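Reading the structure
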Amino acid sequence: MPLEEAVDRAIRECIREDVLREFLENHRAEAKEMSIFEYDQEKHMRQEREAAWEAGKTAGIEEGRRSGLEEGRRSGLEEGRQAGMKEGEEQILTLQIQKKLAKGKGIAEIAAELEETEDRIRQIMKKISN
């Protein structure tokens, strides 16, 4: 049933049942307009709440995305820094081994001086020769 028809019906029933009869007989058009306006206002308020909820949801998703990206960057930077340090240590160790080999030192002596295992020295020597 259309809203306007429903409001007309409600007003007729109120007059018939003597609910605000005198007021409704004297102000029928105003009461009808007000009822329709109130309904629209409720609908408008509901739509506003839904729009605000959607805006909040969108803002929350965006904030989460930004936060996740920032956390990812920090994590990536730390991982990159750690990987770079490890690579740098490996390069220094390789250079030290090359210098000691150039001086004619053996694997056992190099391992003892660099405080590394002989297996580790052999692994690095294989990389050097490749």
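Since the structure is predicted, the reported quantities are computational estimates derived from the model, not experimental observations. (Residues numbered from 1 in each chain as written. Predicted model: local features only at pLDDT ≥ 70, side-chain atom pairs only at ≥ 80, totals over all residues. Heavy atoms only, no water.)

1. Some thoughts on the side chain of Glu90
Among the structural elements, Glu90 can be located in helix α3 (residues 28-102). A distance of 3.4 Å separates a polar atom in the side chain of Glu90 from a polar atom in the side chain of Lys127. Not counting residues up to four positions away in its chain, the partners in contact with Glu90 are Arg120, Ile124 and Lys127. (Helix = DSSP H or I, 4+ residues; strand = E, 2+ residues; numbered from the N terminus. Polar contact = N/O pair within 3.5 Å; in protein donor to acceptor, adjacent residues only side chain to side chain. Contact = heavy atoms within 4.5 Å.)

2. Some remarks on the packing of helix α4 (residues 107-114) against helix α5 (residues 118-129)
Close contact between α4 and α5 brings their axes to 9 Å; oriented N to C, the two are set at 110 degrees. Considering the angle they form, α4 stands roughly perpendicular to α5. Across from Ile107, Ala108, Ile110, Ala111 and Leu114 in α4, the residues of α5 making contact are Glu118, Ile121, Arg122 and Met125. (Axes fitted to C-alpha atoms, helices over the stretch in contact; angles between N-to-C directions. Parallel < 35°, antiparallel > 145°, perpendicular 65-115°, else oblique.)

3. Here we look at helix α1 (residues 3-16)
With 14 residues, α1 extends 20 Å from end C-alpha to end C-alpha; this agrees with the ideal 20 Å at 1.5 Å per step. For α1, the full list of buried residues reads Val7, Ile11 and Ile15. Projection of α1 onto a plane perpendicular to its axis shows the buried side chains occupying an angular sector of 70 degrees, all on one side. In the segment just after α1, Asp18 is the residue with positive phi, at about 60 degrees. (Expected span 1.5 Å × (residues − 1). Buried < 20%, exposed > 50% of the residue type's maximum accessible area, 1.4 Å probe, protein only. Arc of directions from axis to C-beta.)

4. Observations regarding the pattern of salt bridges
When their charged atoms lie close together, side chains carrying opposite charge are able to pair. Under the criterion given, the structure shown has 14 salt bridges. Residue Arg73 is joined to Glu70 by a salt bridge in which the shortest nitrogen-to-oxygen separation is 3.4 Å. Within this pair, Arg73 and its partner Glu70 are both found in helix α3, separated by three residues, close to a single helical turn. Accessibility expressed as a relative area gives 35% for Glu70, which makes it partly exposed. For Asp119, the salt bridge identified is with Arg122, shortest N-O distance 3.3 Å. Here Arg122 and Asp119 lie together in helix α5, a separation of three residues that amounts to about one turn. Since its relative accessible area comes to 53%, Asp119 is described here as exposed. Where salt bridges share partners, they join Glu62, Glu63, Arg65 and Arg66 into one cluster. (Salt bridge = Lys/Arg side-chain N within 4 Å of Asp/Glu carboxyl O.)

5. Section: the nonpolar core
Leu93, Ile97, Ile110, Ala111, Leu114, Ile121 and Ile124 together form the largest nonpolar core, which totals seven residues. What Ala111 contacts, discounting residues up to four positions off in sequence, is Glu116, Thr117, Glu118 and Ile121. With five residues, the next largest nonpolar core counts Val7, Ile11, Ile15 and Leu24 among its residues. (Core = buried A, V, L, I, M, F, W, Y, C linked by side-chain atoms within 4.5 Å.)

6. Things to note about a nonpolar patch on the surface
On the surface, Val19, Leu20 and Phe23 cluster together into a nonpolar patch covering about 290 Å² of accessible area. Take Leu20: it is sitting in the loop between α1 and α2 (21-26). Classification of Leu20 by relative accessible area gives exposed; the value is 60%. (Patch = residues over 30% accessible without salt bridge, like charges linked within 9 Å, V, L, I, M, F, W, Y side chains within 5 Å. Areas by Shrake-Rupley, 256 points an atom, 1.4 Å probe, with all protein chains shown as cover.)

7. Side note on the side chain of Lys100
Following the sequence through the fold, Lys100 ends up in helix α3. For Lys100, a relative accessible area of 18% corresponds to the buried category.

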